[in-house]
Amino acid sequence: MKMQRIKKNEHAVSPVVGVMLMLVVTIIIAAVVSAFAGGLVAQKERAPQATLDCHITWDDGAMSGNAGPLFTMKHVGGDPINTKNVKLVTSWANETGVYNIQSTVAPTWGTTAETYTTAHSPGTSNYTLSSLNTHYTYYGDEQYYNSPYLVVPGSYPTETGYADNDTALWFGNYVFKAGDVIQANTDNTVSGSGSAQNQATPIIKYGTLLTRNSIVEVQLIDLKSGTTIYDKNVNVEV
């Protein structure tokens, strides 16, 4: 009789142990899946973290012939920033309180080549020319590129005069790394129809109306995560 009671108790406990084991296994699997999914989300949405230094100074036009703001940004340290994945936004308010906002993104690659004029022969580009924010005529050449360009000593974003050959320095085509400097000079930031004046969309809207101590908000936004990498009010220096 005693042996029978022990076996009966053993049979009564076994289902409980089984349920507890299943519960533990379920919790472990759920934790692993949650951690894995969380890691994927964090990896996908994480924006670069970097220290950037931005200045807007007034250029009197002695070199270019067109007075206007000179935009300079330096990557002081932190993660590299692939400019094809970010948006540069500048905004400032005039005396009447009207905000002038301008966004700059990577240029658009077209399926067919577009033709433009150079001093040597017609140039062609598979980049949609209207997506490039700098376009001006200089000694008979139509110059196209996307600013702010990467500053490389001895090089310029329109060095050859043919758009598709100069793309490495264009905003949207380079990786912005520690120590790098990017710039949009007077020709890039001032719109107009004259020779050497930007006939496209400059990175600072109505930049010629800026004055000493005007404040321009400069933002660099990661397009994949929507996270703001840089946001600062920059005083125009003269």
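Enquirer: When you look at the overall build of the chain in this model, what are you seeing that I'm missing?
Expert: Summing up its helical and strand segments, the chain has two helices and 14 strands in all. Here the chain has roughly 13,500 Å² of accessible surface; of this, 58% comes from carbon and sulfur atoms.

Enquirer: Whenever I open this one, unusual backbone geometry confuses me. Can you help?
Expert: Note: most peptide bonds trans; most residues except glycine with negative phi. At the junction of Ser147 and Pro148, the peptide bond is cis and its omega measures out at 5° in the coordinates. Mapped onto the elements of the fold, Pro148 is located in the loop between strand E9 (141-145) and strand E10 (149-150). In this structure, Tyr206 is a non-glycine residue whose phi angle is positive, near 55°. Among the secondary structure elements, Tyr206 is positioned in the loop between helix H2 (186-189) and strand E13 (215-222).

Enquirer: Whenever I open this one, the sheet that holds strand E2 (residues 68-78) confuses me. Can you help?
Expert: Neighbouring strands of a sheet are bound in pairs by backbone hydrogen bonds; such pairs are parallel or else antiparallel. The strand order across the open sheet built from eight strands is E5-E4-E13-E14-E1-E2-E12-E10, with neighbouring strands paired in mixed fashion. Each having just a single partner strand, strand E5 (99-104) and E10 make up the two edges of the open sheet.

Enquirer: Looking at this structure, I do not really get the side chain of Thr90. What am I missing?
Expert: Turning to its location among the elements, Thr90 is positioned in strand E4 (residues 86-93). A distance of 2.5 Å separates a polar side-chain atom of Thr90 from the backbone oxygen of Ile203. In this structure, Thr90 is in contact with Asn100, Ile101, Gln102, Ile203, Ile204, Val216, Glu217 and Val218, ignoring residues within four places of it in sequence.

Enquirer: What am I meant to see in the nonpolar core here?
Expert: When a protein is soluble and globular, its nonpolar side chains tend to lie buried together. By size, the foremost hydrophobic cluster in this structure holds 27 residues, and its most contacted members are Leu52, Ile56, Phe71, Met73, Ile81, Val218 and Tyr230. Among the secondary structure elements, those contributing two or more residues to this core are strand E1 (50-59), E2, E4, strand E12 (181-184), E13 and strand E14 (228-237). By size, the runner-up hydrophobic cluster in this structure holds ten residues, among which are Tyr127, Tyr136, Tyr144 and Tyr145.

Enquirer: Is there a simple way to explain the pattern of salt bridges in this structure?
Expert: Side chains that differ in charge, positive against negative, can pair when their charged atoms come close. Considering all chains together, one arrives at two salt bridges under this definition. One salt bridge in this structure joins Asp79 and Arg46, with 3.0 Å as the shortest N-O distance. Here the residue Asp79 occupies a position in the loop between E2 and strand E3 (81-82), and Arg46 occupies one in the loop between helix H1 (2-45) and E1, the gap between them amounting to 33 residues. Residue classification places Asp79 among the partly exposed residues on the basis of a relative accessible area of 22%. The closest approach of N and O atoms between Lys177 and Asp180, which form a salt bridge, is 3.7 Å.

Enquirer: I'm lost on a nonpolar patch on the surface in this one. Help?
Expert: Taken together, Val24, Ile28 and Val32 make up a surface patch of nonpolar side chains, about 260 Å² in accessible area. As for its position among the elements, Val24 is in helix H1.

Enquirer: So what exactly am I meant to see when it comes to the pairing of E12 here?
Expert: Within a regular strand, side chains alternate between the sheet's two faces. Pairing of E2 with E12 involves four bridges; the strand directions are antiparallel. Within E12, the position partnered with Thr72 by the bridge is Gln183. Where E10 lies against E12, two bridges are found, and the strand directions are antiparallel. Counterpart to Tyr149 in the pairing with E12 is Gln183.

Enquirer: I would appreciate a short explanation of the packing of aromatic side chains in the present structure.
Expert: The way to describe two aromatic rings as a pair is by their centre distance and the angle between their planes. Summed over all chains, the structure comprises six aromatic pairs. Look at Trp109 and Tyr127: their rings are 4.8 Å apart centre to centre, the planes differ by 90°, and that puts the pair in the edge-to-face class. Placement of Trp109 in strand E6 (residues 109-116) and of Tyr127 in strand E7 (residues 123-127) is noted, with a sequence separation of 18 residues between them. What makes Trp109 exposed here is its relative accessible area of 53%. The class for Tyr127 is buried, based on a relative accessible area of 11%. The structure contains a cluster of three or more aromatic residues connected by ring pairs, namely Trp109, Tyr127 and Trp170.

Definitions and cut-offs
Within any chain, residue numbers begin from 1 and follow the written order of that chain's sequence. Where local features are concerned, this predicted model is filtered to residues with pLDDT of at least 70; where side-chain atom pairs are given and counted, the filter is 80 or more; whole-chain, interface and lining totals use all residues. Calculation of side-chain values draws on the structure's entire complement of heavy atoms; hydrogens and water are dropped beforehand. A run of H or I in DSSP counts as a helix once it spans at least four residues, and a run of E counts as a strand once it spans at least two, with each numbered from the N terminus. A 1.4 Å probe and the Shrake-Rupley method give the accessible areas. Residues count as covered only by the protein chains that appear here. Note: two strands are recorded as paired if DSSP finds a minimum of 2 bridges between them. Polar contacts, as used here, are pairs of N or O atoms within 3.5 Å; protein pairs need one atom able to donate a hydrogen and one able to accept it. Residues neighboring in sequence count only if both atoms are side-chain atoms. Note on definitions: a residue-residue contact is assigned when non-hydrogen atoms from the two residues lie within 4.5 Å. Nonpolar cores are built from buried Ala, Val, Leu, Ile, Met, Phe, Trp, Tyr and Cys residues. Side-chain atoms within 4.5 Å join them into one set. Note on classification: 1.4 Å probe, protein chains only; a residue is buried when its accessible area is under 20% of the maximum for its type, exposed when over 50%, partly exposed between these limits. The working definition used for a salt bridge is a side-chain nitrogen of Lys or Arg within 4 Å of a carboxyl oxygen of Asp or Glu. Patch membership requires over 30% relative accessible area and the absence of a salt bridge. Like charges are linked within 9 Å, and nonpolar side chains (Val, Leu, Ile, Met, Phe, Trp, Tyr) within 5 Å. Any two rings among Phe, Tyr and Trp, with Trp reduced to its six-membered ring, count as a pair given centres within 6.5 Å; such a pair is stacked if its planes are under 30 degrees apart, edge-to-face if over 60, and tilted if neither.

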